[in-house]
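The residues making up each chain are set out below.
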Amino acid sequence: PVTVDQIAAGEVIERPASVVKELVENAIDAGASAVVVEIKEGGISYMRIADNGCGISREDVPAAFLRHSTSKIRTVDDLVHIGSLGFRGEALSSIAAVSQVELVTKTADQTFGTRYRIAGGKEEGIEDAGAKDGTTFIIRQLFYNTPARRKFLKTPMTEASHVGDLMTRMALSHPEVSFQFINNGQTKLHTAGNGKLRDVIYHVYGREIASNLLRAEYETSGLKITGFLGKPLISRGNRNFENYYINGRYVKSSIIAKAIEDGYKDFTMQHKYPFVVLHMEINTENIDVNVHPTKMELRFNRQQEVYNAVYAAVDEGLHREEL
Ligand code: ADP
Ligand code: MG
């Protein structure tokens, strides 16, 4: 029999990277300053997500795995407004429905931590555990009980690269958090968490890009843009190097992409697309934002305003040097 949680899992959990995304977002919501993600076999057989956040107290653990047990805001329109990353309250229940989960967690005011096991949605035990403050999830055998879904997974290498891309985006959107990503025992990414976006860019993309950046800084009513613009000489062959985050969330928007590319129009570039990392703070009281829970494509009510602001941020940033 298929459970409601398994169906929900079908919407939230597509692959190992979706599990990592939900658990890393929870870690950030929990105030973690450091998050370690370790995977084996592309995450299919093993994922460990450890944070030093607030932890979950013993009495709250089982309820955290129930659907919609969250107190967080859940309406889609409030998502960006609230700034909190979690909004559905069904990540843990969905993950637990389609894998074997081990959780170790401890809050600062508890003497002992808690170890909790749940597999295929069935509780398997709760006990004391020695633990540091924070939360560690171990997820084993994703989709072990839903073979049809398991079949859709790609090779471990491809799945690992999805997780790697996700970790890159997490690191770029949260320079104040240290992220470590370990794939099959090898550390692939380890950011300092010192709050400096340029340092994260250096870690992720290396010296050539990090030493060819111009600063973007622009503010207008209800919209603030900060970040870095790659000099035209480090142009790229595809849009994968156009990174933009709205209120800490990775998004895709054809309007924003167009504004960025138009902003470079005064410059000759070898390739078609620029390198940028932009953080946008949008006050959704002024500019309404709609986003599908899992799709990352955004729609704005006042598109022209968003376009103008991004264009201006890029245009000004690129020309400032010459002044
Ligand atoms: P949501 O994030 O939408 O609330 P989740 O299913 O992702 O729903 O998580 C359920 C609840 O479990 C969270 O609201 C939070 O209270 C708790 N939780 C999950 N992960 C963590 C974590 N890493 N640290 C602290 N609390 C957590
Ligand atoms: Mg969540």
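Remember, predicted model here, so these are calculated numbers, not experimental data.

The rules behind these values
- Residues numbered from 1 in each chain as written.
- Chains lettered and ligands numbered in written order.
- Predicted model: local features only at pLDDT ≥ 70, side-chain atom pairs only at ≥ 80, totals over all residues.
- Pairing = 2+ DSSP bridges.
- Helix = DSSP H or I, 4+ residues; strand = E, 2+ residues; numbered from the N terminus.
- Contact = placed C-beta atoms within 7 Å.
- Axes fitted to C-alpha atoms, helices over the stretch in contact; angles between N-to-C directions.
- Expected span 1.5 Å × (residues − 1).
- Buried ≥ 20, exposed ≤ 12 C-beta atoms within 10 Å, placed from the backbone.

> Looking at this structure, I do not really get the sheet that holds strand 13 (residues 276-282). What am I missing?
Two modes of strand pairing occur in sheets, parallel and antiparallel, and in both the strands are linked by backbone hydrogen bonds. Pairing is mixed across the open sheet formed by five strands, whose spatial order is 9-10-13-11-12. Where the open sheet ends on each side, the last strands, each with one partner, are strand 9 (213-220) and strand 12 (249-250). For strand 11 (residues 242-246) and strand 13, the ladder comprises five bridges, and the chain directions are parallel. Each residue of the ladder has a partner; that of Ile 246, found in strand 13, is Met 280. Running over the sheet, helix 8 (residues 197-205) touches strand 9, strand 10 (223-230) and strand 13 and is turned about 40° from strand 10. The strands touched by helix 11 (residues 303-320) within the sheet are strand 9, strand 10 and strand 13, with strand 9 carrying the most contacts at an inclination of about 140°.

> Please explain helix 7 (residues 156-173) as it appears in this structure.
Its 18 residues place the ends of helix 7 26 Å apart at the C-alpha level, agreeing with the 26 Å of an ideal helix rising 1.5 Å per residue. Three or more residues of helix 7 are buried, namely Glu 159, Ala 160, Val 163, Met 167, Thr 168, Met 170, Ala 171, Leu 172 and Ser 173.

> Whenever I open this one, the pairing of strand 5 (residues 122-129) confuses me. Can you help?
On any regular strand, side chains alternate: one points to one face of the sheet, the next to the other face. Little of strand 5 sits out of view: just zero of its eight residues are buried. With seven bridges joining them, strand 4 (residues 113-119) and strand 5 adopt antiparallel strand pairing. If you follow Arg 117 over to strand 5, its bridge partner there is Gly 125. Counted along the chain from strand 4 to the antiparallel partner strand 5, the turn is two residues long, and its residue Gly 120 has a positive phi close to 55°.

> Would you mind going over the sheet that holds strand 6 (residues 134-140) with me for this structure?
Ordered in space as 5-4-3-6-2-1-7-8, the eight strands form an open sheet in which the pairing is mixed. Across the chains shown, the open sheet's two edge strands, defined by having one partner strand only, are strand 5 and strand 8 (186-190). Within this sheet the neighbouring strands show an average axis-to-axis angle of 10°, counted without direction. The sheet contact formed by strand 1 (residues 34-40) and strand 7 (residues 178-183) spans six bridges and is parallel. Within strand 7, the position partnered with Val 35 by the bridge is Phe 179. Where helix 2 (residues 16-29) meets the sheet, it contacts strand 1, strand 2 (46-51) and strand 6, and its direction lies at approximately 10° from that of strand 2.

> I tried to follow the pairing of strand 4 on my own but got confused; where do I start?
With six bridges joining them, strand 3 (residues 100-106) and strand 4 adopt antiparallel strand pairing. Residue pairing across strands places Leu 103 opposite Tyr 116, the latter belonging to strand 4. Hairpin connection between strand 3 and strand 4: a loop of six residues separates the two successive antiparallel strands.

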